[in-house]
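As a plain string of letters, each chain reads:
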Amino acid sequence: MNSSPSSASLAELDTTKLPAHIAIIMDGNGRWAKKRLLNRVSGHEKGSDAVRTVVRACREIGVSYLTLYAFSTENWQRPRFEVEALMSLLKRFLESEQNEMVENNIRLRVIGQVDRLPEKVQEALHQTMKATRDNTAMTLILALSYGGRAEIVRMVQEVANKIRHGEVDPDSITAEMVADHLYTRDIPDPDLLIRTSGEMRVSNFLLWQIAYTEIFVTPTLWPDFNRDELLQILKDYQSRERRFGQV
Ligand code: IPE
Ligand code: IPE
Ligand code: MG
């Protein structure tokens, strides 16, 4: 297949400079639907097809960790109808993708307040996590009922409890210890954060973990995001110089 001049191909990427961890704020489903005079739920449905495409592409490219912001702690305040539709879509997604994840050696993990999710969704999550737990090629991390502030509050509570029980000396607290008490313990920080639909904000996503992450915002609405655009972003990422505060 020939690619257009503006598109990037996998062969153009430097395989030694791939991001190990890509995190995505999948935004713009509602606007995608509105533009077509459809209801917001149709946008979420189309968005879940884009999730499939991007998971496949990341696995093919050789990304080790992919974190997808699927539902924030603030998203609970959306109309009940929309929240319920998102939850049932999530359940359907897990059920339809489990086999492919097993076949493609993808492990599923979840970050966020899993206990706030409907029982049926929790069951589907546990089932898929169990079925994929020994997989090693890529870890797909779904951020569900996730909020960076809630994650930090939870970390402070855990560490404070250890201090109370005499297990931790406050003077010995390090950045590593903080990271070890976040949902993302044993997951490296994202190298690249992508946000679709043009909004220049982080919306409470991975606040601690994105300290030195490269950020890429695209105007594309999430349901229109595809493999080609991901490759273009990766090409741009590889042209950037990451300095981590040094010279
Ligand atoms: C992102 O799309 C999906 C979720 C937050 C669950 P939105 O639903 O936020 O779409 P817009 O921002 O209204 O277009
Ligand atoms: C961020 O998108 C959350 C997810 C993508 C799950 P939102 O649409 O909820 O964020 P805001 O409202 O634009 O900040
Ligand atoms: Mg939005």
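Q: Got a sec to walk through the pairing of strand E1 (residues 21-25)? Specific residues and values, please.
A: Within E1, 5 of the 5 residues are buried, leaving the element largely enclosed by the surrounding structure. The alternating pattern of E1 places His21, Ala23 and Ile25 on one face and Ile22 and Ile24 on the opposite face, and all of these are buried. As judged from the 4 bridges shared by E1 and strand E5 (residues 192-195), these two strands associate in the parallel manner. Bridging across to E5, isoleucine 25 finds its partner in arginine 195.

Q: Please give an account of the site of ligand 2 that cites residues and values.
A: Around ligand 2 lies a shell formed by Ile25, Met26, Asp27, Tyr69, Ala70, Phe71, Ser72, Asn75, Arg78, Arg195, Arg201 and Ser203. Within the side chain of arginine 195, one N or O atom sits 3.2 Å away from an oxygen atom of ligand 2. For ligand 2, whose unbound accessible area comes to 390 Å², protein coverage reaches 78%. Broken down by element, the shell around ligand 2 gets its largest block of residues, 4 residues, from strand E2 (residues 65-72). Residue composition of the shell around ligand 2, by class: 5 nonpolar, 3 polar and 4 charged.

Q: Tell me about the packing of aromatic side chains, and please be specific about residues and values.
A: Following the criterion strictly, the structure yields 7 aromatic pairs and no others. With a centroid separation of 6.0 Å and an interplanar angle of 90°, the aromatic rings of tyrosine 146 and phenylalanine 205 are classed as edge-to-face. On the criterion of sequence distance, the pair formed by tyrosine 146 in strand E4 (residues 138-146) and phenylalanine 205 in the loop between E5 and strand E6 (214-217) is long-range, its members being 59 residues apart. Phenylalanine 205 shares its class with tyrosine 146; the two are buried. With a centroid separation of 5.4 Å and an interplanar angle of 15°, the aromatic rings of tryptophan 222 and phenylalanine 225 are classed as stacked. Under the relative-accessibility criterion, tryptophan 222 is labelled buried at 1%.

Q: So what's going on with the packing of helix H3 (residues 80-103) against helix H4 (residues 119-131)? Which residues, and what values?
A: Running from amino to carboxyl end, H3 crosses H4 at an angle of 15°, the nearest separation of the two axes being 9 Å. With respect to H4, the element H3 is oriented roughly parallel. The element H3 and its partner H4 pack so that their crossing is left-handed. Facing Met87, Leu90, Lys91, Leu94, Gln98, Met101 and Val102 of H3, the residues of H4 in contact are Lys120, Val121, Ala124, Leu125, Gln127, Thr128 and Ala131. Looking at the contact of H3 with H4 residue by residue, the classes come out as 9 nonpolar, 3 polar and 2 charged.

Q: Describe the site of ligand 1, with residues and values.
A: Surrounding ligand 1, one finds Met26, Asp27, Gly28, Asn29, Gly30, Arg31, Arg40, His44, Ala70, Asn75, Arg78 and Leu86. Arginine 40 is positioned such that a nitrogen or oxygen atom in its side chain is 2.8 Å from an oxygen atom of ligand 1. Surface burial for ligand 1 is 87%, taken as the share of its 380 Å² of free accessible area covered by protein chains. Only helix H1 (29-35) and helix H2 (40-61) provide two or more residues apiece to the shell around ligand 1.

Q: Please set out the nonpolar core residue by residue, giving values where relevant.
A: Counting 46 residues, the largest nonpolar core has Ile22, Ile24, Leu66, Leu68, Leu125, Leu140 and Leu230 as the members making the most contacts within it. The contact partners of leucine 140, leaving out residues within four places of it in the chain, are Val55, Leu66, Leu68, Met101, Ile106, Arg107, Leu108 and Arg109. Ile111, Tyr183, Leu193 and Ile210 belong to the second largest nonpolar core, which has 13 residues in total.

How each quantity is defined
Here the residue numbering is sequential within each chain, running from 1 through the sequence in written order. Labels are handed out in written order, letters beginning with A for the chains and numbers beginning with 1 for the ligands. Predicted model: local features are reported for residues with pLDDT of at least 70 only, side-chain atom pairs are reported and counted for 80 or more only, and whole-chain, interface and lining totals are derived from all residues. Hydrogen atoms and water are omitted, and side-chain values are computed over all heavy atoms in the structure. We call a residue buried when its accessible area falls under 20% of the maximum for its residue type, exposed when it is over 50%, and partly exposed in between, using a 1.4 Å probe and counting protein chains only. For helices the rule is a DSSP run of H or I covering at least 4 residues; for strands it is a run of E covering at least 2, with both sets numbered from the N terminus onward. Here, strands pair whenever DSSP counts at least two bridges between them. Near, as used in this document, describes a residue that has one of its heavy atoms within 4 Å of the molecule or strand being considered. Here a polar contact is recorded for every N or O atom pair within 3.5 Å, except that within protein the pair must consist of a potential hydrogen donor and a potential acceptor, and residues adjacent in sequence are included only if both atoms are side-chain atoms. Values of accessible area rely on a 1.4 Å probe in the Shrake-Rupley scheme; residue burial ignores everything except the protein chains shown. Note that Gly is not counted as nonpolar here; it falls among the polar residues with everything else outside the nonpolar set of Ala, Val, Leu, Ile, Met, Phe, Trp, Tyr, Cys and Pro and the charged set of Asp, Glu, Lys and Arg. Paired rings are identified among Phe, Tyr and Trp, the last through its six-membered ring, by centres lying within 6.5 Å, and are further divided according to the angle between planes into stacked (under 30 degrees), edge-to-face (over 60) and tilted (the rest). Lines fitted to the C-alpha atoms define the axes, with helices restricted to the stretch that makes contact. Angles between their N-to-C directions range from 0 to 180 degrees. Each angle gets one of four labels, with under 35 degrees taken as roughly parallel, over 145 as roughly antiparallel, 65 to 115 as roughly perpendicular, and the rest as oblique. Crossings are assigned a handedness: left-handed for a near helix turned anticlockwise from the far helix by less than a right angle, right-handed for a clockwise turn. Contacts are assigned to residue pairs that have any heavy atoms within 4.5 Å of one another. Within this scheme, the nonpolar core is defined by two criteria: the residues are buried Ala, Val, Leu, Ile, Met, Phe, Trp, Tyr or Cys, and they are joined through side-chain atoms within 4.5 Å.

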